[in-house]
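Topology and contacts: notes
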Amino acid sequence: MIEIRSHRGETGPAPEPAGPLVLDLRDVAADMLPLAGGKAVNLGVLIRAGLPVPPGCCLTTEAYGRVAASAGLDDVLRDLAATPPNDTAALAELAGRARALMLAAPVPDDIAAAARRAERGPVAVRSSATAEDLPDASFAGQQDTYLNVTGPHAVLDAVRRCWASLWTDRAVAYRAANGIDHGAVRLAVVIQDMVQARVAGVMFTANPVTGRRGETVIDAAPGLGEAVVSGAVNPDHYVVSPRGLITTRRLGDKTVAVRPLPGGGVEHVQGTGTEEPCLGDAQVIALAELGRRVETHYGAPQDTEWAVDEDGRLWLTQARPITTLYPLPPERVGADGLRVLFCFSLAQGLHRPITPMGVSVFQELATGVRELYGVRPAADPVVAVGMRVFADVTGVMRSTVGRKVMPRVFDLMEARSAVVVRGLFGDPRLSVSRRSALPAIRRVLRLMWRYRIPPRVVRMLADPERAEAHVAEVGERLGAMLAAPSAMKPVQRLDHVERVLRHLATLVPSLFPSPGAGLVSLGLAARLLRGRTRPGELQTVLRGLPHNVTTEMDLALWHAATRIRADEASARALGGPGLPDPVALPPVLRRELDGFLARYGHRAVAEIDVGVPRWSEDPAHVLGVLANYLRLDDPALAPDAVFERGAREAEATVETLARRAGGLRGRVVRFALGRTRMLGGYRETPKNYLIVALAEVRGHLRAAGADLAGRGLLDQADDVFMLTLPEVRAALGGADHRLLVRDRRAEYARESRRRHIPRILLSDGTEPEAVASAAPAADGSLTGTPASPGTVTGVARVVLDPVGAHLAPGEILVAPSTDPGWTPLFLTAGGLVMEMGGANSHGSVVAREYGIPAVVGVADATSRITTGQTITVDGTSGAVLFPGDVTTDR
């Protein structure tokens with residue numbers, strides 16, 4: 001036990017407390033978080049609601065604050081504020097210093113006496129932090145709990161250890177990761193009558209794995225609940241449906257039980273396993289009903305801990321929000337039945353949230369698409385959930401044509417989503433309601449005729465040189481559409497933005513003939529070569545494609561880097577520990593950066609979000625990539641050399657496949673694959689033109705934002721991107737949205753920390769992928785979709801955000817997803833692993849063109865692979881392997 005040093009005689013009499021030292025739990029109200037902490041507040045709320053909670057008291061944060069003030073934490077707090085969240089070693093060292101200081105700090109007499117008086121027989125002593133059990137951060141398990149504490153001195157000892165546990169390594173790391181100020185957090189301590197539990201466990205009032213609301217999940221084991229909470233036992237597992245039926249009953253071995261000791265403390269008893277359930281069906285149903293009462297009271301799903309005592313009475317010992325659930329769609333979604341939502345922003349490479357203006361722009365674009373195709377959906381086609389853009393694909397799912405087309409498109413673009421969608425076809429709630437294909441066929445034919453797509457595809461195949469002129473012509477039309485008078489009133493700018501967004505939908509059919517002809521050619525060749533190709537050969541044909549604006553951009557940046565390398569002052573500016581100030585660059589670096597931005601400054605990481613600054617506004621990412629390029633000193637790995645080598649391999653593969661086919665078939669294969677190579681690169685052009693338009697739109701919106709900031713209706717010009725288009729129009733009319741903007745910035749910050757985004761989400765909150773997840777491979781390897789052939793073994797670098805990322809030459813890039821803003825990193829990568837994507841998604845296309853092995857659609861890759869780990873990427877078979885004897889053939 002820790003020695004308790006008296007405060008008396010060191011600093012004089014105890015100061016007058018600013019708040020009560022002790023509160024009965026019955027007196028703790030919902031507005032007492034700063035005084036009682038999250039756990040005590042939740043227990044007090046439950047008691048006031050008439051729910052069964054063991055009696056007890058709370059030693060308030062006033063006690064912790066007085067002890068911490070004398071502990072000398074100032075230096076630790078200063079160092080913590082300067083430590084990045086990913087420096088776990090430094091955080092752990094500082095946490096250890098803080099714990100030692102807290103344990104050594106003297107305890108004032110009045111606080112010590114208050115803690116001792118709380119002992120009324122065996123008690124549970126629980127930490128209750130002010131940053132704990134919150135709606136957006138549960139802090140579950142971050143601070144300590146001591147069970148079956150007996151005797152006043154033991155209670156005081158447990159209180160001190162709880163105070164120190166505010167500074168455990170895990171608590172400090174959790175606060176750092178969630179952006180919570182260490183100095184602002186305080187800790188109260190709950191001292192509660194001990195429930196001598198016959199059986200105990202945890203209960204979630206929504207399924208924490210699948211997200212399904214109303215489904216209660218219960219884990220139970222004999223003895224105290226600590227065995228279940230800590231994961232020391234395989235508990236009995238029950239799932240209760242929203243209708244109160246037990247739908248799953250899986251008995252655990254229950255070989256460990258935590259039991260109270262007569263003199264205080266607990267013991268782990270081994271060998272107590274039983275095949276008998278520790279709860280009867282009636283108790284399971286009663287527990288689920290209790291959980292529903294708790295959820296109803298809070299208005300949100302809850303994670304609870306419970307116990308059944310020796311007399312069979314049920315107690316709640318804790319309740320906190322389930323913070324890991326993905327938000328539900330708006331109530332209007334699903335009002336007419338189950339809806340299926342596809343995360344469009346994630347498929348486009350955005351793991352981060354999208355600004356409200358970005359969502360609003362997508363909704364305007366969707367309106368233009370509906371008008372173009374003559375479709376009138378029954379529901380909103382674009383929905384914002386968790387500040388991500390979801391497309392409502394229910395109508396497609398419930399049509400005969402949609403069921404044939406959508407999974408095949410996903411096979412190419414987002415392979416894991418294709419598996420999920422096919423798994424939903426058997427759900428009776430999503431049965432086919434539109435069986436005739438004629439309406440869809442008529443719309444497609446009408447669109448093809450309007451834009452003269454078939455004859456243009458034929459002309460492109462006959463004369464591929466026409467493609468470049470056609471693309472340039474569409475670009476000129478886009479420029480004319482974007483043109484606007486230099487002097488425009490803010491309302492006129494908004495009108496112009498909405499007109500542009502409505503008409504952008506015409507870009508895709510206008511530009512389709514060029515990449516469409518390449519796609520048709522590839523399909524023809526694949527059919528003619530069926531049964532004659534080896535794994536990866538057709539993908540090799542797609543390496544080093546000309547006319548791809550994204551690879552042209554990356555190579556332009558590489559060529560700029562080679563010229564910068566030759567200038568000593570510029571190379572030195574990029575070789576330091578940090579990035580140079582963009583305002584004060586050496587002349588050569590300034591010239592090269594300006595030249596690149598003049599052509600590509602409209603692009604950005606997460607560029608489909610109009611609320612994200614373009615590179616022309618903030619070139620930090622470009623400067624970081626240039627710094628990465630300067631580290632590459634092997635001429636054989638130079639990106640332009642790799643690109644040219646890939647192009648030669650592709651041409652050689654075309655000849656190999658043509659000879660293998662032989663005769664007339666071989667000549668047709670040679671022609672088709674040749675056209676594929678000449679036209680396939682244009683597939684990136686529609687996206688580039690869209691981004692050009694969004695950059696112009698962003699400029700007009702910033703101007704409107706500057707006007708609103710000047711009028712005092714916004715705090716700053718860029719706040720306009722935290723509003724929607726209708727809200728901006730209202731603001732231009734005089735509405736003050738500053739409070740709304742502040743709330744949305746806080747929500748954006750919270751959502752930026754979210755690690756898991758569902759690919760497919762049902763309107764009841766269910767994530768179908770979680771319901772039907774495949775078991776991991778027996779050998780521990782990860783599997784996905786082969787995207788770029790070849791095998792490479794190297795050191796992994798997990799990157800969640802490319803801005804400021806450092807990727808050493810030859811390292812394997814592991815990312816949640818990518819968009820064009822990521823692709824400069826591909827030039828020095830040895831391989832690519834992505835959680836999202838399919839064989840024809842953006843990252844796959846660029847990886848093939850650079851000839852780097854790639855596997856995409858790998859579930860949880862960024863959490864199952866760690867930076868510095870050696871992995872093997874087999875882009876031919878679609879496997880990611882861990883250390884072993886694998887030959888590199890890249």
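Further up the page is the structure itself.
Summarised in this report is the structure supplied together with it. (Residues numbered from 1 in each chain as written. Predicted model: local features only at pLDDT ≥ 70, side-chain atom pairs only at ≥ 80, totals over all residues. Heavy atoms only, no water.)

1. Let's talk about the overall build of the protein
In terms of regular secondary structure, the protein is built from 33 helices and 25 strands. Relative to the globule expectation of 29 Å for 890 residues, the C-alpha radius of gyration of the protein, 31 Å, shows essentially globular dimensions. In terms of its C-alpha atoms, the protein occupies a principal-axis envelope of roughly 90 × 65 × 65 Å. Every one of the 890 residues in the protein was classed for burial, and the buried ones make up 53%. Here the contacts in the protein between residues at least 6 apart in sequence split such that 70% fall between residues at least 24 apart. Carbon and sulfur atoms make up 55% of the accessible area of the protein, which amounts to about 37200 Å² in all. Here the protein contributes 100 positively and 98 negatively charged side chains, and the mean placements of these two sets differ by 8 Å. (Helix = DSSP H or I, 4+ residues; strand = E, 2+ residues; numbered from the N terminus. Rg over C-alpha atoms; globule rule 2.2 N^0.38 Å. Buried < 20%, exposed > 50% of the residue type's maximum accessible area, 1.4 Å probe, protein only. Contact = heavy atoms within 4.5 Å. Areas by Shrake-Rupley, 256 points an atom, 1.4 Å probe, with all protein chains shown as cover. Lys, Arg positive; Asp, Glu negative; His and termini not counted. Charge placed at Lys NZ, Arg CZ, Asp CG, Glu CD.)

2. Describing the nonpolar core
Of all hydrophobic cores here, the largest spans 103 residues; its most connected members are Leu501, Leu626, Leu701 and Leu813. Not counting residues within four places of it along the chain, the set of residues in contact with Leu813 comprises Arg797, Val799, Leu807, Trp822, Leu825, Phe826, Ala829, Gly831, Leu832 and Val833. If you look at the next biggest cluster of nonpolar residues, it comprises 44 residues, including Val107, Ala112, Ala154 and Ala164. (Core = buried A, V, L, I, M, F, W, Y, C linked by side-chain atoms within 4.5 Å.)

3. Looking at the sheet that holds strand S16 (residues 388-392)
Taken in spatial order, the four strands of this open sheet run S15-S16-S14-S17, and their pairing is antiparallel. At either end of the open sheet lies a strand with only one pairing partner, and these are strand S15 (382-385) and strand S17 (760-762). Here the strands of the sheet are splayed against their neighbours by 35° on average, with no regard to which way each runs. Two elements, S15 and S16, share four bridges in a ladder whose sense is antiparallel. Residue pairing across strands places Val383 opposite Phe390, the latter belonging to S16. Across the sheet, helix H14 (residues 415-424) touches strand S14 (340-343) and S17, and the angle it forms with S17 is around 30°. (Pairing = 2+ DSSP bridges. Axes fitted to C-alpha atoms, helices over the stretch in contact; angles between N-to-C directions.)

4. Here's the deal with helix H11 (residues 356-373)
Along its 18 residues, H11 runs 26 Å from first to last C-alpha, staying within 8% of the 26 Å computed at 1.5 Å per residue. With respect to burial, H11 is a largely interior element, 13 of its 18 residues being buried. Trailing H11 by a residue or two, Gly374 shows a phi angle of about 70°, which is positive. (Expected span 1.5 Å × (residues − 1).)

5. Thoughts on the packing of aromatic side chains
Going through the model one piece at a time under the given rule, you end up with six aromatic pairs. Ring centres of Trp558 and Tyr629 lie 5.6 Å apart, and the angle between their planes is 70°; on these two criteria the pair is classed as edge-to-face. A residue pair is termed long-range when its members are at least 10 positions apart, and Trp558 in helix H22 (residues 549-565) and Tyr629 in helix H25 (residues 620-630) qualify at 71 residues. For Trp558, a relative accessible area of 5% puts it in the buried group. One aromatic cluster is present, formed by Phe596, Tyr600 and Trp615 through successive ring pairs. Between the NZ or CZ atom of Arg175 and the centre of the ring of Trp167, over which it lies, the distance is 5.0 Å. (Phe/Tyr/Trp six-rings, centres within 6.5 Å; stacked < 30°, edge-to-face > 60°. Lys NZ or Arg CZ within 6 Å of the ring centre and 35° of its normal.)

6. A short note on the pattern of salt bridges
For the coordinates displayed, the defined rule picks out 51 salt bridges. Taking the shortest distance from any N to any O, the salt bridge between Asp169 and Arg99 comes out at 3.0 Å. A residue pair is termed long-range when its members are at least 10 positions apart, and Asp169 in helix H7 (residues 169-177) and Arg99 in helix H4 (residues 88-104) qualify at 70 residues. On the basis of relative accessible area, Arg99 is assigned to the partly exposed category, the value being 27%. Here Arg339 and Asp392 are joined by a salt bridge, their closest N and O atoms 3.0 Å apart. Taken as a pair, Arg339 in the loop between strand S13 (314-321) and S14 and Asp392 in strand S16 lie far apart in primary sequence, 53 residues in all. This pair shows no difference in class: Arg339 is buried, exactly as Asp392 is. Here the salt bridges share partners, and the residues they tie into one network are Asp75, Arg78, Asp79 and Arg97. (Salt bridge = Lys/Arg side-chain N within 4 Å of Asp/Glu carboxyl O.)

7. Side note on the packing of helix H16 (residues 453-462) against helix H20 (residues 513-528)
Put simply, H16 and H20 touch, their axes get as near as 9 Å, and they point 70° apart. By the angle class used here, H16 and H20 are roughly perpendicular. Here Arg456, Val457, Met460 and Leu461 of H16 come into contact with H20, specifically with Pro513, Ser514, Ala517 and Ser521. (Parallel < 35°, antiparallel > 145°, perpendicular 65-115°, else oblique.)

8. Some details on the environment of Ala652
Among the secondary structure elements, Ala652 is positioned in helix H26 (residues 639-661). Along the primary structure Ala652 and Thr540 are separated by 112 residues, whereas in three dimensions their C-alpha atoms are 9.6 Å apart.

9. Examining the packing of helix H1 (residues 33-48) against helix H9 (residues 281-298)
It is at 11 Å that the axes of H1 and H9 come closest, and there the two elements cross at 105°. The orientation of H1 with respect to H9, classified from their angle, is roughly perpendicular. For the pair formed by H1 and H9, the contact residues are Asn42, Val45 and Leu46 on the first element and Val294, His297 and Tyr298 on the second.

10. Brief notes about the side chain of Thr653
Along the chain, Thr653 turns up in helix H26. Here the side chain of Thr653 touches Glu649 through a polar contact of 2.8 Å, landing on its backbone oxygen. Those residues within four positions of Thr653 in sequence are excluded, and the remaining contacts are Glu537, Thr540 and Val541. (Polar contact = N/O pair within 3.5 Å; in protein donor to acceptor, adjacent residues only side chain to side chain.)

11. Comments concerning the pairing of strand S10 (residues 256-260)
Pairing geometry for S10 and strand S11 (residues 266-270), over five bridges, is antiparallel. When the sheet's bridge partners are listed, Val258 is paired in S11 with His268. Taking the residues that link successive antiparallel strands as the turn, the S10-S11 hairpin has five residues, and the phi of Gly264 there is positive, at about 110°.

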